Amino acid sequence: MHGISNSITLDVEVSNEMKDPWRNTKIALNINGKISRKDWGLTYNSALETGGVLIGDEIKLDIELQLAKA
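This is a predicted model, so every value here is computed, not measured. Each chain has its residues counted from 1, running along the sequence as written. Local features in this predicted model are restricted to residues of pLDDT 70 or higher, and side-chain atom pairs are both shown and tallied only at a pLDDT of 80 or more, whereas totals for entire chains, interfaces and linings draw on every residue. With hydrogens and water stripped out, all remaining heavy atoms of the structure feed into the side-chain values.

A. Highlighting the overall build of the protein chain. In DSSP terms, a helix is any run of H or I states spanning at least four residues, a strand is any run of E spanning at least two, and both are numbered starting from the N terminus. From N to C terminus, the protein chain includes zero helices and four strands. Each helix and strand of the protein chain, placed in order from N terminus to C terminus, yields the pattern β-β-β-β. Computation of the radius of gyration draws on C-alpha atoms alone. For the globule rule, the value is 2.2 Å times the number of residues to the power 0.38. Its C-alpha radius of gyration of 18 Å places the protein chain more than 25% over the 11 Å reference for a compact globule of 70 residues. Expressed as lengths along the three principal axes of its C-alpha atoms, the size of the protein chain is roughly 55 × 30 × 15 Å. We call a residue buried when its accessible area falls under 20% of the maximum for its residue type, exposed when it is over 50%, and partly exposed in between, using a 1.4 Å probe and counting protein chains only. Expressed as a percentage of its 70 residues, the buried residues of the protein chain come to 14%. Here, residues are in contact when the closest pair of their heavy atoms is within 4.5 Å. Pairs at least 24 residues apart make up 49% of the contacts formed inside the protein chain by residues separated by at least 6 positions.

Dropping the structure here:
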């Protein structure tokens, strides 16, 4: 992001293999974590008239994947 590479740690929950109604083997992944945009050099922001800033620093990641066996 923004020309900077960083390692991050995410929490991953993996389901057991399952069969869908068409007999395809699948697994599901639930991936969660948080990153700080400042870690990638994204520091710009804009002050609001009512106080505070326009863009927060923390970005929450919540990814749900379903993978099928080929």
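Here the narrative resumes.
B. Expanded view of the packing of aromatic side chains. Only Phe, Tyr and Trp rings are paired, with Trp represented by its six-membered ring, and only when their centres lie within 6.5 Å; those with planes under 30 degrees apart are stacked, over 60 edge-to-face, the remainder tilted. Within the structure shown, the criterion is met by zero aromatic pairs. Only when the NZ of Lys or the CZ of Arg is both within 6 Å of the ring centre and within 35 degrees of the ring normal is a charge said to sit over the ring. The ring of Tyr-44 has Arg-37 sitting right over it, with the charged end atom 5.4 Å from the ring centre.

C. Quick peek at the pattern of salt bridges. Only one rule defines a salt bridge in this text: a Lys or Arg side-chain nitrogen within 4 Å of an Asp or Glu carboxyl oxygen. A full pass over the atoms with the stated rule returns two salt bridges. The residue Lys-34 makes a salt bridge to Glu-58 at a minimum N-O spacing of 3.9 Å. Taken together, the residues span a long stretch of sequence, with Lys-34 in strand 3 (residues 25–36) and Glu-58 in strand 4 (residues 58–68) at a distance of 24 residues.

D. View of unusual backbone geometry. The backbone of Arg-23 shows a phi angle near 70°, a positive value even though the residue is not glycine. Positionally, Arg-23 belongs in the loop between strand 2 (18–19) and strand 3. On the accessibility criterion, Arg-23 (62% relative accessible area) is exposed.

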